[in-house]
Structure formats: structure tokens, C-alpha cells
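This is what each chain is made of:
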Amino acid sequence: MTTPKRALITGITGQDGSYLAEFLLQNGYEVAGMVRRTSGLNLERLGGVLDRIKIVSGDLLDVASLVDVVKNFAPTEVYNLAAQSFVTTSWNQPEFTADVTALGVTRLLDAVRIVNPEVRFYQASSSEMFGKVREVPQNELTPFHPRSPYGVAKVYGHWITVNYRESFDMYACSGILFNHESPRRGLEFVTRKISHQVARIKFGLAKELRLGNLDAKRDWGFAGDYVKAMWLMLNQDRPEDYVIATGETHSVREFCEIAFARAGLNYENHVIVDEQFFRPAEVDLLIGDPKKANDGLGWKTEVSFVELVEMMVDSDIKDCSGRL
Ligand code: NAP
Ligand code: F7E
């Protein structure tokens, strides 16, 4: 009889946590999701799986809670998805962002190292580490030049994961994931902000959409595709870091154009550029080179850019019409 695989997911209440939990359950895992104490639990995204996962209590700011969680659930794999993940907030709360998004990684790595260093560890690294890009497209060897306190914190999380692999021979990997989106994306991120407002405009609930830099370019993929790559990284012979991306880049303006058109609207009649949404330092262009993941993991993106935009708009239109 084979031992069941047991996955602990931090950040399970977030966008990626919900898709990863669904994927791992489909693949026969026992899944525990770590949640921090708040005045009201935000389990909305977990509707489909709540009765099949175990919710455990812990916080990346508190190492004792992490040791307890790892000891009590005894995972075979740990996916560290928890973070203060909104770039804009990282300028308002740089110290908090560093505590959770950077030092939190060390706390969790230490909990694993102390309780059972055989546990496989995934760190959610980010294309924001490339920031003011040194080469186009970006791959695993491209130097980092982060442009926000969030990006800086992720660089720390990335290297401490590499360091624990090299220092303690742990199976620890960083996935350098480019932007990935879905109907479950938080409303503060530009893609969901657009799809959500498109639906409201379509039903006459709003007239305009105020955005910042329309010329910023991102390599946007579908979150459901990206969580498979996380799992693949933890199930190889050797731990390595991988860039996960589509290899295409599109501007915020293009996203608007397609999103509004899907609802029968012209974005130029509704989008207003508002300086309050400009950032102190911008990441102008991101485009990843997923060759290593394509060849080494057999991973590839399945949802195209246009399909992604339309999926998000369709979902928000459906939700909005259901609430009228
Ligand atoms: P998300 O929706 O913002 O989710 C973040 C999760 O972290 C939430 O579950 C949140 O819990 C949890 N969390 C925050 N602070 C915590 C703390 N102190 N202790 C425990 N949990 C805490 O993020 P996502 O889009 O799913 O992204 C998942 C991970 O991938 C993040 O690390 C993000 O930085 C990284 N990443 C994301 C992308 C992307 O495009 N989505 C790309 C590259 C990397 P609450 O519900 O309590 O707030
Ligand atoms: O911004 C521009 C903005 O907030 C994308 C996180 O998941 O991906 C995400 O970070 C672009 C930026 O995502 C608005 O200036 C224009 O250039 O959707 P975003 P992000 O900053 O790329 C990375 C990979 C992560 O790791 C992060 O955790 O869109 N933009 N107007 C706007 N952005 C927002 N949020 N709101 C606007 O009104």
C-alpha cells in the first residue's frame, strides 16, 4: 500500500490556494489549508472543496504556529502561497510586507526543517522580482531588479528557499510565476478590476472605469493552468526553480479593449486614466520564457489570453446579472 500524499497549503483562501486545493484533491491528496485568525473567515473561494479539506490555524508571522501546523498535519508537501501580494499596498505597508512575504518564508522553511526536513517545499516566487527587466524575455537566469517593496520581499523569499536547499539539502523549489488571473482574482488587481467594472457598466450600474498606466505590459496566464506547474515542480527527481509564463505579453489597454468588446462596449467611451493609480516605480514590461518548464516539466499553458479575458468577463456578467 502506498502512503497517501498530504499537502499543506498556506494562502488557501487566496486565488491560487483554491485552484491548487481542487487540483490536489483530484489527484488523491489529503489537503490541509492554513488560515490566519481574522474577525470573519474568508472561505468564499473554497466553496467547492470545503468539506474535503482540513482547515488549520496558523500565521506566517508566528513561527510557533507554523511548527504546530507542520507537526500536527504531517504533510509530505508544503505549498507556501501566503503573502501580502498586492504591489500597491507594499508601498503603504513596506515593513508588514517584508515581515509576511519575506521573513514568513524563513519561518515556514524553519518549521519544515525542524519538524521534518524530508517534506517537499514550494515557494511562490514572482515575475515582479525581474522588475526593471535586464533582458527580454525573462528566464531562470535573468538578474533581478525589483521595483516595489513587494518585489524586494519576493527576492528574499526566493533566495532563502534556494539557500535552504543548498544548506540543508531540502527539496525546496521556487516557481517564478508570471501574472496569472481568473474569475477568482481579487478585485484590486487590474484584470479583475476591469472585468468586474465591465459587467457593472453593461448593466447600467456604473459608467466609467478609472485606471492607471494603460501601457504597462504583462504576461498573463490562467491560474488554473499555473497551479499544475507548482505540483509538477515538487514531483521531480531533483528540486529546481522554474519560470512559469505564457511567453506572450499584452498591455492593460489591450486587456480593456477585449474585455469591453466582449460585453458589446467600446473601452474608449468608459476608461479614464487617473493618476492616483500610477505607481511610484512601475514595471513596464514582463514576458517570460517558459522553455525550461515546457521541456523539463512537460508543462504548458492551455488557456489563451483572449480566452482568459473572455472567461473573466463572462463570469462577472453572470454574477452581476444574478444579483439584479
Ligand atoms: P492572494 O489571492 O492575495 O492570496 C494570498 C493569501 O495569503 C491569502 O490566502 C491570505 O489570507 C494569505 N495570507 C496573507 N498574509 C498571511 C499571513 N500572515 N499568514 C497566513 N496567510 C496569509 O494571492 P494569489 O494571487 O493567490 O497568489 C498566491 C501566491 O503567489 C502569493 O504568494 C503571491 O505573492 C504569489 N504570486 C502570485 C502571482 C499572481 O499573478 N497571482 C504571480 C506570482 C506570484 P487572507 O485570506 O487571510 O488574506
Ligand atoms: O497590476 C497596471 C499596474 O496590480 C498590473 C500580483 O499578483 O502579479 C501581480 O502584480 C499592471 C501594473 O498586478 C491599474 O500599474 C493600471 O503595471 O494587476 P496588478 P501586478 O502589480 O503585476 C505579480 C506577478 C505578483 O506577484 C503580484 O502578487 O496594471 N494598472 N491601472 C493597474 N493596476 C491596478 N492594480 N489597478 C489599476 O487601476
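Structure first, text after, so check above.
Residues of helix α8 (residues 252–262) that are buried: V252, F255, C256, A259 and F260. Buried positions in α8, seen along its axis, are confined to an arc of 115 degrees and lie on one side of it. Where α8 is buried, its residues contact α6 (190–202), β8 (209–211), β12 (250–251), β13 (271–273) and α10 (305–323). G264 sits one or two residues past α8 and shows a positive phi near 75 degrees.

Okay, the pattern of salt bridges next. In total, this model carries 19 salt bridges according to the counting rule given. A salt bridge links D316 to R192; the shortest N-O distance between them is 2.8 Å. Of this pair, D316 sits in helix α10 while R192 sits in helix α6, and the two are 124 residues apart along the sequence. Across the pair, R192 and D316 agree in class, each one buried. Between E240 and R238 there is a salt bridge, with the nearest N and O atoms lying 3.1 Å from each other. For E240, a relative accessible area of 22% translates into the label partly exposed. Assessed through its relative accessible area of 56%, R238 is described here as exposed. Here the salt bridges do not stand alone but share partners, grouping E128, R218 and E282 into one network.

What counts and what doesn't
Residues numbered from 1 in each chain as written. Chains lettered and ligands numbered in written order. Predicted model: local features only at pLDDT ≥ 70, side-chain atom pairs only at ≥ 80, totals over all residues. Heavy atoms only, no water. Buried < 20%, exposed > 50% of the residue type's maximum accessible area, 1.4 Å probe, protein only. Helix = DSSP H or I, 4+ residues; strand = E, 2+ residues; numbered from the N terminus. Arc of directions from axis to C-beta. Contact = heavy atoms within 4.5 Å. Salt bridge = Lys/Arg side-chain N within 4 Å of Asp/Glu carboxyl O.

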